[in-house]
Amino acid sequence: MKNWKKESRFKDKAEDKLEVRLENARTRRIFTWIFEILVTLFFAIVVGIMMFQSVTMQESAMEPTLSVGERFLVNKGIYKISSPQRGDIIVFKTNGSDDAALHISRVIGLPGETVQISGGKILINGAVYENDGDFPEISNGGLASSAVSLESGEYFVLGDNRNNSEDSRYADIGNVKKKYIVGKLWFTISPRSKIGFLKG
């Protein structure tokens, strides 16, 4: 009888120890899972800060495509692994200063090309550029009234509001150097009715 009681107590203790070990293992798994989620969130936030930036359209230079007050996310990483393409809507500065104002325009001319505005039309390397959109004839060619040659790493940009836009036609903007391009306009975050990825 005594042996049976001893065996029973031993069995109960073993079961208690097993339950404690299982509970400890379960607790460790939960804490490990929480830790992994927190680390993932932390790195997601860091990557988000490094790769994206929000910007608000402050001027009418891109109307009717983009309107004053609309907010966007800028993909800051895309041009670290590729180059701007014709038609991209980019965010750029005119110089390397952190305080320099941000501008939003569409890429028209690429490095190595010549751009000219003549008779209200855009000529790239002497050929008429067919816009992917319904844009008015340009009344003022500015600097591009004569052919503008783009050096390596330089881009010629225009606003979609072609007759009311400060862009590469004017000396205070001029040709945009790649090193001053912040990124590509990527996603509309407000107003709600327009939330989504931008085309082009």
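Look a little higher up for the structure.
So, a few notes on the structure that sits alongside this text. Predicted model, so just to flag it, every value in this text is computed and none were measured.

**Focus on the pattern of salt bridges**
If the charged atoms of two oppositely charged side chains come close together, the side chains can form a pair.
Here comes step 1: One pass over the full model with this rule turns up seven salt bridges.
Here comes step 2: The residue Asp160 makes a salt bridge to Arg106 at a minimum N-O spacing of 2.7 Å. On the criterion of sequence distance, the pair formed by Asp160 in the loop between strand 9 (154-158) and strand 10 (176-177) and Arg106 in strand 4 (residues 103-109) is long-range, its members being 54 residues apart. Here Asp160 matches Arg106 in class, with each residue buried.
Here comes step 3: Here Arg169 ties to Asp167 by a salt bridge, and the two come within 2.9 Å at their closest N and O atoms.
Here comes step 4: Each of Arg106, Asp160 and Arg162 takes part in salt bridges that share partners, so that together they form one network.

**A short note on the pairing of strand 9**
Here comes step 1: Counting buried positions along strand 9 yields five of five residues, so the element is predominantly enclosed.
Here comes step 2: Burial along strand 9 is two-sided: the face carrying Glu154, Phe156 and Leu158 and the face carrying Tyr155 and Val157 are both buried.
Here comes step 3: Of the strand pairs in this sheet, strand 4 and strand 9 are connected by three bridges, and their pairing is antiparallel. Pairing of Val107 across the sheet is with Val157, part of strand 9.
Here comes step 4: Two strands pair when backbone bridges link them, and strand 9 and strand 10 are joined in this way by two bridges, in the antiparallel orientation. When the bridges of strand 10 are listed, Tyr155 appears paired with Val176.

Thresholds, definitions, all that
- Residues numbered from 1 in each chain as written.
- Predicted model: local features only at pLDDT ≥ 70, side-chain atom pairs only at ≥ 80, totals over all residues.
- Heavy atoms only, no water.
- Salt bridge = Lys/Arg side-chain N within 4 Å of Asp/Glu carboxyl O.
- Helix = DSSP H or I, 4+ residues; strand = E, 2+ residues; numbered from the N terminus.
- Buried < 20%, exposed > 50% of the residue type's maximum accessible area, 1.4 Å probe, protein only.
- Pairing = 2+ DSSP bridges.

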